[in-house]
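Letter by letter, the chains look like this.
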Amino acid sequence: MEAYLDNSATTRVFESVKDIVVKTMTEDFGNPSSLHKKGVEAEHYVKEAAALVAGTLKADPSEIIFTSGGTESNNMAIIGAFRANSRLGNHIITSTIEHPSVYNVFDYLEKEGAQAEYIPVDKNGHIDQDALLAAVNEKTVLVSVMYVNNEIGSVNPIGEIGAAIKKKNLGTLFHVDAIQAYGKYRINPKREQIDLLSVSGHKIHGPKGIGFLYVKKGTKLSPVMFGGGQQKGMRSGTHNVPGIAGMGEAAREIYAGHEEKRKAMYRLKGLFVELVGKLPGTKINGLTGEDSAPHVISVSFEGIRSEVLLHALEEKGIYVSSGSACSSNHPALIGTLKGIGVKRELLDSTLRFSLSIFTTEEEIRYSAEVLGELLPALRRYTRK
């Protein structure tokens, strides 16, 4: 059998998403900027998707900008906010364990004159709030913090952080990378005092190559892409109507019966942690209960290189991701596993297992059983 446990990398699309993507490619294929009937039909899909996405955030459709995915959303938010607000200051803040689409942007802006500050995390992968608030000053134009960590599934208390930032400096913009959180949590940007929020479609059973950026009304943001002025000039380029329609449908589907889906994932996550945690020489990294994300599990396997185990699992039809340390050379960005204190010898012995609403108990039990067979065999081979 197969067990696909790499859903933090990408997910299988919903059938309804596939159907609407095909329909907008083969039947309603007009350009939304065209004035004729085909264009009007295409524009309807864009408006409908914006309304669906905005509804999941209790936001207004005008606050949604469609992008090519999470990386572009993060780039647009951070670069756009810095450039639009540079008169107020040049200080920007993030954590030491962000995704490359955040920390590489910070590295780029440092070369453009930004004063970047990187806040450490605790053993569970949560940003040090005291250090963060101490760092915020009158020249801080942006703070960027991920909602859910993509390697170990730690969840930052975004609402608390947002409120504290605004209390310290009301003018500081708060950007949240919610790429691993959207669809898993009910997110309310206004209540959580989020100004900018990044989301990717293929993490929630939508198409690849589509995402969006929530931009709170009144937030100053400079465009980073120029052309025909689509999306109110904030993101020029012909609308990716199939992707946008698929994104909207995925948003609708993922939040239908949301609490039941979350409970099912937590149950399977608990089962996986229980079964794999019993295997000799294994260490579960970070929190594993409902104080962590429902879909991400990081496991270190003593004495076995992650790449070797990954391919051994692949031969058994089990698909996972490597949980290796961050590859950045930036001295402040130490990577999630180092950041939470994982021992040096385990950094290259860690895998990420990630679930979705399609994951079954059979897949979980099969994966645990195969690991139980592979681990002693691979360790014997390694010792030789």
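Residues numbered from 1 in each chain as written. Predicted model: local features only at pLDDT ≥ 70, side-chain atom pairs only at ≥ 80, totals over all residues. Heavy atoms only, no water.

Colleague: Honestly, the packing of aromatic side chains in this entry has me stumped. Any pointers?
Modeller: The geometry of an aromatic ring pair is captured by two quantities: the separation of the ring centres and the angle between the planes. Scanning the model with the defined rule gives seven aromatic pairs in all. Considering the side-chain rings of F14 and F358, the 5.9 Å spacing of their centres and the 65 degrees angle between planes classify their relative orientation as edge-to-face. Here F14 is found in the loop between β1 (3–4) and α1 (15–26), whereas its partner F358 is found in the loop between β13 (350–354) and α11 (361–383), with 344 residues between them in sequence. The class for F14 is buried, based on a relative accessible area of 5%. Pairing F272 with F353 gives two aromatic rings, centres 4.8 Å apart and planes at 45 degrees, and the pair type is tilted. Within this pair, whereas F272 is found in helix α8 (residues 258–277), its partner F353 is found in strand β13, the two being separated by 81 residues in sequence. Of the two residues examined, F272 and F353, each falls in the buried class. Among the aromatic residues, ring-to-ring pairing joins Y182, F212 and Y255 into one connected group. Between the NZ or CZ atom of K38 and the centre of the ring of F29, over which it lies, the distance is 4.7 Å. Between R262 and the ring centre of Y185, over which it is positioned, the NZ or CZ distance is 5.0 Å. (Phe/Tyr/Trp six-rings, centres within 6.5 Å; stacked < 30°, edge-to-face > 60°. Helix = DSSP H or I, 4+ residues; strand = E, 2+ residues; numbered from the N terminus. Buried < 20%, exposed > 50% of the residue type's maximum accessible area, 1.4 Å probe, protein only. Lys NZ or Arg CZ within 6 Å of the ring centre and 35° of its normal.)

Colleague: It is not clear to me how the confidence of the model for the protein chain should be interpreted in this structure. Could you clarify?
Modeller: The predicted coordinates of low-pLDDT regions are not to be read in fine detail. Averaged over every residue, the pLDDT of the protein chain is 94; the share at 70 or more is 96%. Low confidence marks residues 324–328, where pLDDT is under 50. Its contacts with residues over four positions away, or in another chain, come to 14 contacts. (pLDDT = per-residue confidence, 0-100. Contact = heavy atoms within 4.5 Å.)

Colleague: Which parts of the structure should I look at to understand the sheet that holds strand β10 (residues 296–301)?
Modeller: Through backbone hydrogen bonds, the strands of a sheet pair up, either in parallel or in antiparallel fashion. With respect to topology, four strands assemble into an open sheet ordered β9-β10-β13-β12, the strand pairing being antiparallel. Bordering the open sheet on either side are β9 (282–285) and β12 (321–322), each of which pairs with just one other strand. Bridge count for β12 against β13 is two bridges, and the pairing is antiparallel. The residue of β13 that forms the bridge with S321 is R352. Where α8 meets the sheet, its contacts fall on β9, β10 and β13, and the angle it forms with β10 comes to roughly 5 degrees. Lying on the sheet, helix α9 (residues 306–315) is in contact with β10, β12 and β13; it crosses β13 at an angle near 40 degrees. (Pairing = 2+ DSSP bridges. Axes fitted to C-alpha atoms, helices over the stretch in contact; angles between N-to-C directions.)

Colleague: Where do I start with the side chain of S349 in this structure?
Modeller: By secondary structure assignment, the location of S349 is in the loop between α10 (336–339) and β13. The residues touching S349, leaving out its near neighbours within four places in the chain, are V299, S300, F301, I304, R305 and S306.

Colleague: Can you help me understand α9 in this one?
Modeller: Every α-helix carries 3.6 residues per turn, so stepping three or four residues along brings you back to the same face. Every buried residue of α9 is listed here: S306, L309, L310, A312 and L313. Along the axis of α9, the buried positions cluster into a sector of 165 degrees, meaning they face one direction only. One or two residues past the end of α9 sits G317, with phi positive at roughly 80 degrees. (Arc of directions from axis to C-beta.)

Colleague: Help me understand the packing of helix α3 (residues 70–84) against helix α4 (residues 100–111), please; the structure alone is not making it clear to me.
Modeller: Two packed helices can be described by the angle between their axes and the distance between those axes. Look at α3 against α4: their axes get within 9 Å of each other, and the N-to-C directions meet at 30 degrees. The pairing of α3 with α4 is recorded here as roughly parallel in orientation. Here the hand of the crossing between α3 and α4 comes out right-handed. Between α3 and α4, the contacting residues are T71, N74, N75, I78, I79, F82 and R83 on the first element and S101, V102, V105, F106, Y108 and L109 on the second. (Parallel < 35°, antiparallel > 145°, perpendicular 65-115°, else oblique. Left-handed = near helix turned anticlockwise from the far one by under 90°.)

Colleague: Teacher, can you tell me more about helix α2 (residues 37–56) here?
Modeller: Taking 1.5 Å of rise per residue, the 20 residues of α2 would be expected to cover 28 Å, and the 29 Å separating its terminal C-alpha atoms lies within 8% of that figure. Taken together, the buried positions of α2 are G39, A42, Y45, V46, A49, A50, V53, A54 and T56. Summarising the axial view, the buried residues of α2 lie within an arc of 160 degrees, below the 170-degree limit, and thus occupy one face. Among the exposed residues of α2, those pointing more than 90 degrees away from its buried face are K37, H44 and K47. On its buried face, α2 is in contact with α1, β2 (64–67), β8 (211–215) and α7 (241–254). (Expected span 1.5 Å × (residues − 1).)

Colleague: Would you take a moment to explain the nonpolar core for this structure?
Modeller: Buried together is how nonpolar side chains tend to be arranged in soluble globular proteins. Counting residues in each nonpolar core, the largest one holds 52 residues, and the members touching the most others are F66, Y147, Y182 and I187. Setting aside anything within four residues of it in sequence, one finds Y182 in contact with V53, T56, L57, I187, V199, I204, F212, M247, A251 and Y255. Ranked by size, the runner-up nonpolar core spans 30 residues in total, among them L309, L351, F353 and Y366. (Core = buried A, V, L, I, M, F, W, Y, C linked by side-chain atoms within 4.5 Å.)

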